[in-house]
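Coordinates in review
Here's the letter readout for the chains.
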Amino acid sequence: MRLIAITGGIGCGKSVVARMVQVMGYNVYDCDSRAKTLMITDPEVRKQLQMAFGDETYLDDGTLNRQHLSRVAFADADKLSLLNGIVHPATARDMRRWADEQAQHGASVSFVETALLRTAGLDSMVDDVWHVSAPTSVRIDRVMKRSGLTAQQVKDRIAAQTIEDQLVEGERPIINDNTTALLPQVLQLLNQHEYQQ
């Protein structure tokens, strides 16, 4: 089975592209939502997070205290690195298990949506990369509208992901600037590279 990554920095529109291929019948592993699930359901991940970030990492009902974790991790590069060192390996293992299941069920192509392809070391696990990009001003506006973050908070998150914003040779570019039509680009990539289901 071929595993194709849909990547790009925060606010570039990866999720829109992922939804498009999903509607066309392809399976998509969403790294962000799966990581959030693992932070709640995986006992080892929970234990490590609690040890690293304190008892307030989880609320009384057992759910993740996202505000606390974001406040601590995004204010300190070492803390962010610690968080990633706990969550990324767990997500990579979960993704590999998922990909194996897709292959066993006969899928010849599946997709992975991830903002942290290289940072999480997932680039070695995929066969091709679709790199979605958008101007910084568009990205800031999108993230502010959906999350309630300030412009500076969004800029900080973009700055923390600079390695992911760079198009690497061999990656397939997709422009999502609110002007260029997305669907024709996705269809062209699917047809050009013969991603048969």
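I will try to describe carefully the structure that is included in this document. (Residues numbered from 1 in each chain as written. Predicted model: local features only at pLDDT ≥ 70, side-chain atom pairs only at ≥ 80, totals over all residues. Heavy atoms only, no water.)

Re the sheet that holds strand β2 (residues 28-30)
- Strand order in the open sheet formed by five strands is β2-β3-β1-β4-β5, and the pairing between neighbours is parallel. On the outer flanks of this sheet lie β2 and β5 (172-175), each paired with one strand and no other. Neighbour-to-neighbour, the strand axes of this sheet turn through a mean angle of 20°, independent of strand direction.
- As paired elements, strand β1 (residues 2-7) and strand β4 (residues 128-133) share four bridges and run parallel to each other. Looking at the pairing, Ile-6 lines up with Trp-130 of β4. (Pairing = 2+ DSSP bridges. Helix = DSSP H or I, 4+ residues; strand = E, 2+ residues; numbered from the N terminus. Axes fitted to C-alpha atoms, helices over the stretch in contact; angles between N-to-C directions.)

Observations concerning unusual backbone geometry
- Backbone geometry at Asn-178 places phi at a positive 70°, although glycine is not the residue there.
- Looking at the element boundaries, Asn-178 is found in the loop between β5 and α9 (182-192).
- Relative accessible area serves as the criterion here: at 59%, Asn-178 is assigned to the exposed category. (Buried < 20%, exposed > 50% of the residue type's maximum accessible area, 1.4 Å probe, protein only.)

Notes on the environment of Phe-111
- Within the secondary structure layout, Phe-111 lies in strand β3 (residues 109-114).
- Phe-111 sits 68 residues away from Thr-179 along the chain, and the two C-alpha atoms are 25 Å apart.
- Sequence-distant contacts of Phe-111, that is, excluding residues within four places in its chain, are made with Leu-3, Ile-4, Ile-6, Val-21, Tyr-26, Asn-27, Val-28, Tyr-29, Trp-98, Trp-130 and Leu-190. (Contact = heavy atoms within 4.5 Å.)

Topic: helix α3 (residues 43-53)
- Within α3 the residues assigned to the buried category are Val-45, Leu-49, Ala-52 and Phe-53. Taken end-on, α3 shows its buried residues confined to a sector of 75°, consistent with a single buried face. Along α3, exposed side chains directed more than 90 degrees from the buried face belong to Pro-43 and Met-51.
- Buried residues belonging to α3 abut α2 (31-41), α4 (66-73) and α5 (77-104).
- At the N-terminal end of α3, a side-chain oxygen is found 2.9 Å from the backbone nitrogen of Glu-44, two or three residues along, and the residue is Asp-42.
- Gly-54 occupies a position one or two residues after α3 and carries a positive phi of about 95°. (Arc of directions from axis to C-beta. Polar contact = N/O pair within 3.5 Å; in protein donor to acceptor, adjacent residues only side chain to side chain.)

Quick notes on the packing of aromatic side chains
- Tallying each qualifying case throughout the model produces three aromatic pairs.
- Ring plane angle 85° and centroid distance 5.3 Å describe the contact between Tyr-26 and Phe-111, whose orientation is recorded as edge-to-face. In this pair, Tyr-26 is assigned in the loop between α1 (14-23) and β2 and Phe-111 in strand β3, connecting sequence segments 85 residues apart. Here the two residues Tyr-26 and Phe-111 agree in accessibility, since each one is buried.
- Pairing Phe-111 with Trp-130 gives two aromatic rings, centres 5.1 Å apart and planes at 65°, and the pair type is edge-to-face. Taken as a pair, Phe-111 in strand β3 and Trp-130 in strand β4 lie far apart in primary sequence, 19 residues in all. Exposure class is identical for Phe-111 and Trp-130. Each is buried. (Phe/Tyr/Trp six-rings, centres within 6.5 Å; stacked < 30°, edge-to-face > 60°.)

Things to note about the pattern of salt bridges
- Counted according to the given criterion, the structure contains eight salt bridges.
- Between Lys-36 and Asp-32 there is a salt bridge, with the nearest N and O atoms lying 3.2 Å from each other. With Lys-36 and Asp-32 both in helix α2 and four residues apart, this pair spans about one turn of that helix.
- Residue Asp-32 is classed as partly exposed on the basis of its relative accessible area, which comes to 47%.
- In this structure, the salt-bridge partner of Arg-34 is Asp-94, at a minimum N-O distance of 2.8 Å. Separated by 60 residues along the polypeptide, Arg-34 in helix α2 and Asp-94 in helix α5 bring together distant segments of the chain.
- Accessibility expressed as a relative area gives 8% for Asp-94, which makes it buried. (Salt bridge = Lys/Arg side-chain N within 4 Å of Asp/Glu carboxyl O.)

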